[in-house]
Each structure stands twice: as C-alpha cells, then as structure tokens.
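Tertiary structure, described
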Amino acid sequence: MGMTLASDADNRRALAAELQAMNFAVHQPEDPPLFTDAPEPAMQPMHWRAADIAAGLDRIGEMIKLEQGSVRRTLRLTNPGVEYGTTPTLWASIQYILPGEIATAHRHTPGALRFIMKGTGANTIVDGEQYQMNEGDLVLTPGWTFHDHQHNGSEPMVWLDVLDINLVRSMNATFFEDLNAPRQAVNSHQDASHREFGSGLMRPAKARHARYENPVLPYPAALCEAAVRQAAELDPDPYDDTAMIYTNPTTGGHAMKTIGTMLQRLRPGFSGQAHRHVGSSVYYVIRGEGRTTVNDELFNWVAGDFLAIPSWARHAHANRSSDNDCLMFHVNDFPALEALGLWHESGE
Ligand code: GTQ
Ligand code: FE2
C-alpha cells in the first residue's frame with residue numbers, strides 16, 4: 001500500500017501544538033516516564049562535621065544581629081539536590097543565640113521543633129507556656145503557636161531547629177504573623193503541659209492544658225534517655241538497635257503529625273544490617289563514634305556531626321567503638337508518609 005500511517009508518536013506531537021492553546025497536554029514521546037519503578041530522589045546523602053558547624057556559627061554570631069521582627073540567626077543545612085531547605089519536606093537549621101538576646105515572637109503554620117545541642121540559660125515561650133531549655137531536651141512549637149526565645153545565660157546557646165516548611169509550602173498552606181512585641185506574656189505555671197502530661201503513663205483526670213493535638217511541649221532529656229536506656233536492655237533491632245519515638249501521650253502516635261522524632265542508641269560493637277524505606281531523615285550525633293553507609297558512600301561520624309539520608313537510599317549504621325555507645329537524635333518525615341498511606345520499606 002502506498003499510504004504511510006502516521007506513527008503514534010507523530011500523532012502525539014501534532015496534537016501538542018493544537019491542544020496547548022486550550023491548556024491541555026498529551027504525553028509526548030520525549031517526556032520522562034510518568035512513573036519511576038522506585039523513588040529517584042534528587043536529594044543527596046550529606047554529612048556535616050562538628051568543626052565546620054562551629055566555624056559557621058562563629059561567623060554568623062559575628063555578622064548577624066537579632067532585632068524585633070528579624071529572621072532568626074541560623075545556619076541552614078543545605079543539599080545540592082534540594083532547591084530550598086534540607087530535604088524535600090524539611091528545613092533543618094542550627095540556631096545560635098548570644099547572652100542577653102531575644103529572638104522575637106511570631107507564629108507560622110509550619111510546625112517546628114528544637115533539640116538543644118549546647119548551652120544553658122535560654123528559655124522559649126510557646127503560646128504563653130515558658131520552658132527553660134537544657135542540653136538534650138526536645139521542645140515542640142506546634143504550627144500557628146506564637147513563640148519567642150530569650151537567652152539569659154553567659155555563653156552562646158545552640159540548638160537544632162527542624163520545620164516542615166517545604167511540605168507546607170508544596171501544599172500552599174503557609175501563613176506567618178509577627179507579634180508586635182518582643183516577647184509574649186507568660187502563664188503563671190512554667191512547663192504546665194509537662195506537669196500534666198509529661199509522665200506519659202498517667203494523664204490528668206481533668207485536663208487544663210490540652211490545647212493542641214499533642215498537649216506536651218517539652219520532652220526533657222533525662223526522661224527520654226531513661227526510656228532508651230530501659231529499652232536497650234532488650235535485643236537490638238537488626239537495623240536500628242534501640243530507636244524510641246517521641247510520642248503524643250494522649251494518642252500514642254507521633255509527637256507531631258508531619259515530623260517524626262526519635263532517640264536512637266547503638267550499643268558498643270553494634271553493626272546494623274542495610275535496609276531502605278521511603279522518607280527523608282536528618283541525624284544529629286549526640287555522643288559516640290559511628291559509621292553509616294548510604295548507597296555506596298561511607299560516612300564516619302563523631303559527636304556533633306549531622307547526616308542526611310534521602311528517601312529509598314540503602315543505609316546501615318554501625319558503632320565504631322566496642323566500649324562506648326552512640327546516641328543520635330533522628331528527625332524525619334515518616335509521619336506524613338504514614339498519614340498519606342505512602343509508607344514503604346524493604347530489608348536487603
Ligand atoms: O526559632 O522561630 O530555624 O521561625 C526557622 C524559622 C527557627 C524560630 C528557624 C523559625 C525559627
Ligand atoms: Fe518561628
């Protein structure tokens with residue numbers, strides 16, 4: 001036959017121009033596949049060293065001033081594969097506050113957490129509840145709560161901030177408001193939410209401070225470390241040894257609905273198996289010396305370092321010491337994935 005049939009590809013190309021004017025499209029031969037067989041994150045595995053963080057903090061301490069309504073003085077952890085923030089969902093930054101300074105009151109719909117890395121003497125106020133922050137504490141700032149921080153100590157204070165800024169941004173749900181005063185008024189009882197709900201095993205017969213989905217704002221270091229120590233007497237998980245999740249004591253679920261938080265201990269000599277799962281993670285090494293392989297990269301880390309692991313990367317953790325344990329604070333976006341029915345994992 002003399003007639004040549006137009007190929008499907010030719011037809012698709014011809015349609016493209018015609019449909020574009022009406023804001024329609026059909027899949028073109030040169031377009032990437034609609035679906036990948038598995039996640040292919042642009043986010044890269046990362047390692048930030050304690051010494052570099054210390055140098056960066058010195059620089060921002062010298063150069064950046066805190067004023068009413070100014071953005072915080074922070075060192076943000078960046079990634080060459082992520083345009084904005086630390087992972088596709090999260091921002092992790094290290095906040096540096098000097099004696100006498102105030103980080104003034106504001107609120108935003110992205111939720112935030114602080115994990116105190118170094119120092120003493122700063123307090124935060126979250127919707128009127130004041131809390132004196134100490135090393136190893138986790139303090140939550142639920143979305144849309146007013147919060148401000150003041151440092152009354154004598155040495156600089158350092159903490160990790162993690163916010164779900166990228167997740168909230170991708171859903172066009174960002175709101176922000178400055179309070180027209182440096183600090184909020186303080187409630188009569190400090191850490192009232194902790195007093196009512198902080199045991200985790202008992203709850204008040206008549207709750208007075210259950211204002212949020214999760215009523216608890218502070219997770220004091222001593223309590224959380226005791227929980228990990230208690231669980232570490234049991235056999236290790238083959239991948240993570242002892243990993244305890246910070247929970248909402250009223251539901252048993254995650255402390256925050258989008259951001260996951262864990263305290264993880266690797267016993268002396270522990271060498272974990274490799275596995276992979278969806279979700280992006282940031283680790284802060286509280287103590288110890290260990291090794292994490294991510295895909296084909298090897299990261300030897302020490303106390304004060306940070307790591308970031310992309311979704312679906314094969315990874316394994318090990319303690320490099322046979323005498324001392326490792327303790328890590330692990331932040332991730334697992335709760336958001338679980339809530340959306342997207343959790344997926346596989347052992348290797
Ligand atoms: O302390 O309120 O790292 O609003 C980024 C945004 C910290 C804070 C950050 C913030 C804060
Ligand atoms: Fe904030």
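Refer to the preceding data block for the structure.
Residues numbered from 1 in each chain as written. Chains lettered and ligands numbered in written order. Predicted model: local features only at pLDDT ≥ 70, side-chain atom pairs only at ≥ 80, totals over all residues. Heavy atoms only, no water.

**With respect to unusual backbone geometry**
Leaving glycine aside, a negative phi is the common case for residues, and trans is the common case for peptide bonds. Operational definition: Strands here are runs of E lasting at least two residues and helices are runs of H or I lasting at least four, both read from the DSSP assignment and numbered beginning at the N terminus. For the exposure calls, accessible area comes from a 1.4 Å probe over protein chains only, and a residue counts as buried if that area is under 20% of its type's maximum, exposed if over 50%, partly exposed in between.
The backbone of D127 shows a phi angle near 40 degrees, a positive value even though the residue is not glycine. Counting through the fold element by element, D127 comes out in the loop between β6 (120–126) and β7 (129–134). The exposure class of D127 is partly exposed, given its relative accessible area of 24%. Its identity is not glycine, yet N295 carries a phi of approximately 50 degrees, on the positive side. For N295, the position within the fold is in the loop between β17 (289–294) and β18 (297–302).

**Re the pairing of β17**
Along any regular strand, the residues point their side chains to alternate faces of the sheet. Convention followed: Strand pairing is assigned whenever DSSP detects at least two bridges linking the two strands.
Judged by which residues are buried, β17 turns out to be one-sided: G290, T292 and V294 face inward and are buried, whereas E289, R291 and T293, on the alternate face, are not. Where β17 and β18 come together, six bridges link them in antiparallel fashion. Residue pairing across strands places T293 opposite L298, the latter belonging to β18. Linking two consecutive strands that pair antiparallel, namely β17 and β18, is a turn of two residues; a positive phi of about 50 degrees is found at N295 within it.

**So, helix α2 (residues 50–63)**
As a reminder, the rule being used: For a helix, the expected span equals 1.5 Å multiplied by the residue count minus one. Note that the arc is defined by the directions from the helix axis to the C-beta atoms.
For α2, with 14 residues, the first-to-last C-alpha span of 20 Å sits near the 20 Å given by 1.5 Å per residue. Listed in full, the buried residues belonging to α2 are I53, G56, L57, I60 and G61. One side of α2 holds all its buried residues, which, seen down the axis, span an arc of 140 degrees. Residues A51, D52, E62 and M63 are exposed on α2 and point more than 90 degrees away from its buried face.

**Regarding the environment of F176**
Basically, it comes down to this: Contacts are assigned to residue pairs that have any heavy atoms within 4.5 Å of one another.
Among the structural elements, F176 can be located in strand β11 (residues 176–178). On the basis of relative accessibility, which here comes to 48%, the residue F176 falls in the partly exposed class. Among residues more than four places away in sequence, those in contact with F176 are H106, R107, H108 and W144.

**A few points about the packing of aromatic side chains**
Threshold: Note on aromatic contacts: the rings of Phe and Tyr and the six-membered ring of Trp form a pair at centre separations within 6.5 Å, being stacked when their planes are under 30 degrees apart, edge-to-face when over 60 apart, and tilted otherwise.
Going through the model one piece at a time under the given rule, you end up with eight aromatic pairs. Judged by centre distance (5.0 Å) and plane angle (70 degrees), the ring pair of Y84 and W91 falls under edge-to-face. On the accessibility criterion, Y84 (32% relative accessible area) is partly exposed. Consider the rings of W144 and F175, whose centres lie 6.3 Å apart with planes at 70 degrees: the pair is edge-to-face. On the criterion of sequence distance, the pair formed by W144 in the loop between β8 (138–141) and β9 (147–151) and F175 in the loop between α3 (165–170) and β11 is long-range, its members being 31 residues apart. Through a chain of ring-to-ring contacts, three or more aromatic side chains come together here, namely F115, Y219, Y246, Y284, F306 and F329.

**A short note on the side chain of N332**
Note the cut-off: Polar contact is defined as a pair of N or O atoms within 3.5 Å, subject to the rule that within protein one atom must be able to donate a hydrogen and the other to accept it, and that residues adjacent in sequence are counted only when both atoms are side-chain atoms.
Inspection of the secondary structure assignment puts N332 in strand β21 (residues 326–332). In this structure the side chain of N332 is engaged in a polar contact, spanning 3.4 Å, whose partner is the side chain of H330. Of the polar contacts made by the side chain of N332, one reaches the backbone nitrogen of F334; its length is 3.0 Å. Discounting residues that sit within four places of it in the chain, N332 has contacts with L90, T258, I259, G260, M262, S280 and S281.

**A few points about the site of ligand 1**
We apply this condition: For each residue, the test is whether any non-hydrogen atom lies within 4 Å of the molecule or strand; if one does, the residue is near. Here the open area of atoms and residues is found with the Shrake-Rupley method and a 1.4 Å probe, where only the protein chains shown may cover a residue. Three residue categories are used. Nonpolar comprises Ala, Val, Leu, Ile, Met, Phe, Trp, Tyr, Cys and Pro, charged comprises Asp, Glu, Lys and Arg, and polar comprises the others, including Gly.
Looking at ligand 1, the residues that line it are R72, T74, S93, Q95, H106, H108, R114, H147, H149, D161 and L163. At 2.9 Å, a side-chain N or O of S93 approaches an oxygen atom of ligand 1. Contacts to ligand 1 include R114, whose side-chain N or O atom sits 3.1 Å from an oxygen atom. Look at ligand 1: alone it shows 290 Å² of surface, and the protein chains cover 90% of it. For the shell around ligand 1, the residue count by class is one nonpolar, seven polar and three charged.

**Overview of the pairing of β21**
Across the seven residues of β21, seven count as buried, placing the element largely inside the fold. A two-sided burial pattern is seen for β21, the buried positions comprising C326, M328, H330 and N332 on one face and L327, F329 and V331 on the other. Relative to β21, strand β14 (residues 260–266) runs antiparallel, the two being bridged by seven bridges. The partner of T261 across the bridge, within β21, is V331.

**Points about the environment of R12**
One can find R12 in helix α1 (residues 8–20). Sequence-distant contacts of R12, defined by excluding residues within four places in its chain, comprise V26, H27, Q28 and P29.

**Some thoughts on the coordination of the iron ion (ligand 2)**
Using the following cut-off: For Na, K and Ca the donor cutoff is 3.2 Å, while for all other metals N, O and S atoms must lie within 2.8 Å; water is not among the atoms, so some sites may look incomplete.
Within the protein, the iron ion (ligand 2) binds to H106 (NE2), H108 (NE2) and H147 (NE2); these donor distances fall in the range 2.1 to 2.2 Å. Mapped onto the polypeptide sequence, the residues donating to the iron ion (ligand 2) form the spacing pattern H-x1-H-x38-H. In this pair, H106 sits in strand β4 (residues 102–108) while H147 sits in strand β9, placing the two residues 41 residues apart along the sequence. H147 matches H106 in its accessibility class, with the two residues each being buried.

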